[in-house]
Amino acid sequence: MMERTVTAERVPPAQLAPQLRDAITRLNRRVRQARPVGDLTVTQLSALTSIRLAGTMTPRELADVERVQPPTMTKIVAKLEERGLVRRTPHPTDGRQVILAATEEGQAVLDQFERARDEWLAHRLAALDEDQRETLLRAAGILQQLARA
């Protein structure tokens with residue numbers, strides 16, 4: 001596959017978008033691969049991360065966030081609960097619902113995964129020169145801004 005490189009002073013958004021999307025996708029894939037070996041799937045890890053970020057949520061809310069059907073999420077949550085990474089508690093106002101929260105062990109597993117990914121990325125960043133790292137620091141801020149929009 002031929003990589004597209006744009007060096008012009010002014011880059012039209014339509015020309016930048018596919019390059020940026022491709023770079024983010026590829027980097028994200030590489031970072032996701034840099035994780036401790038274990039039997040936790042990418043889908044389970046994503047669901048556990050969403051629960052931790054939200055603090056607590058219902059299985060339906062989690063299914064919506066993860067963009068999967070509720071029966072699929074039920075299976076994912078069951079596996080996480082079986083491993084002691086998630087706990088269910090009764091919903092305070094709806095007896096038909098439960099609230100999901102990450103356990104201390106679930107938090108520790110996520111911390112371990114994040115450390116492995118950060119170490120992998122830090123090692124790659126160390127190979128760059130100071131100007132490149134400064135550019136990436138500015139780009140990270142811009143990407144965060146785009147993500148919040």
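In what follows, the structure referred to is the one given above.
Residues numbered from 1 in each chain as written. Predicted model: local features only at pLDDT ≥ 70, side-chain atom pairs only at ≥ 80, totals over all residues. Heavy atoms only, no water.

Participant: It is not clear to me how the side chain of arginine 117 should be interpreted in this structure. Could you clarify?
Facilitator: Topologically, arginine 117 is positioned in helix 5 (residues 104-126). It turns out arginine 117 is buried and unbridged, and the closest side chain with the opposite charge, glutamate 114, is 6.9 Å from it. Residues in contact with arginine 117, not counting those within four places in the same chain, are Val31, Arg32, Ala34, Arg35 and Leu45. (Helix = DSSP H or I, 4+ residues; strand = E, 2+ residues; numbered from the N terminus. Buried < 20%, exposed > 50% of the residue type's maximum accessible area, 1.4 Å probe, protein only. Lys, Arg positive; Asp, Glu negative; His and termini not counted. Salt bridge = Lys/Arg side-chain N within 4 Å of Asp/Glu carboxyl O. Contact = heavy atoms within 4.5 Å.)

Participant: Sorry if this is basic, but what is going on with the packing of helix 2 (residues 42-54) against helix 5 here?
Facilitator: Helix packing geometry: the angle between the two helix axes and the distance between the axes. The interhelical angle for the contact between helix 2 and helix 5, taken along N-to-C directions, is 110°, at an axis separation of 10 Å. One way to sum up the angle between helix 2 and helix 5 is to call them roughly perpendicular. The interaxial crossing formed by helix 2 with helix 5 has left-handed handedness. Across from Leu45, Leu48, Thr49 and Arg52 in helix 2, the residues of helix 5 making contact are Gly106, Gln107, Leu110, Asp111, Phe113, Glu114 and Arg117. (Axes fitted to C-alpha atoms, helices over the stretch in contact; angles between N-to-C directions. Parallel < 35°, antiparallel > 145°, perpendicular 65-115°, else oblique. Left-handed = near helix turned anticlockwise from the far one by under 90°.)

Participant: I'm lost on the environment of leucine 62 in this one. Help?
Facilitator: If you trace the backbone, leucine 62 turns up in helix 3 (residues 59-66). With 27 residues separating them in the primary sequence, leucine 62 and arginine 35 have C-alpha atoms 23 Å apart.

Participant: Would you mind showing me how to read helix 6 (residues 130-148) here?
Facilitator: Since the α-helix turns once every 3.6 residues, residues separated by three or four places project in the same direction. With 19 residues, helix 6 should reach 27 Å at 1.5 Å per residue; the first-to-last C-alpha distance of 27 Å fits that figure. The backbone nitrogen of aspartate 131 lies 3.0 Å from a side-chain oxygen of the residue at the head of helix 6, namely aspartate 129. (Expected span 1.5 Å × (residues − 1). Polar contact = N/O pair within 3.5 Å; in protein donor to acceptor, adjacent residues only side chain to side chain.)

Participant: What exactly am I supposed to notice about the packing of helix 1 (residues 13-33) against helix 5 here?
Facilitator: Viewed as axis vectors pointing N to C, helix 1 and helix 5 meet at an angle of 125°, and their least axial separation amounts to 8 Å. The angle between the axes of helix 1 and helix 5 places the two elements in the oblique class. In this structure, the crossing between helix 1 and helix 5 has a hand that is right-handed. Of the residues in helix 5, those in contact with Leu27, Arg30, Val31 and Arg32 of helix 1 are Arg117, Trp120, Leu121 and Arg124. Of the residues assigned to the contact of helix 1 with helix 5, the class counts are four nonpolar, no polar and four charged. (Nonpolar A, V, L, I, M, F, W, Y, C, P; charged D, E, K, R; others polar.)

Participant: Can you help me understand a nonpolar patch on the surface in this one?
Facilitator: A cluster of nonpolar side chains, contributed by Val11, Leu16, Leu20, Ile24, Ile142, Leu143 and Leu146, occupies part of the molecular surface with about 540 Å² of accessible area. Taken together, the elements giving at least two residues each to the nonpolar patch come down to helix 1 and helix 6. Its place among the elements puts valine 11 in the segment before helix 1. Owing to a relative accessible area of 30%, valine 11 belongs among the partly exposed residues under this scheme. (Patch = residues over 30% accessible without salt bridge, like charges linked within 9 Å, V, L, I, M, F, W, Y side chains within 5 Å. Areas by Shrake-Rupley, 256 points an atom, 1.4 Å probe, with all protein chains shown as cover.)

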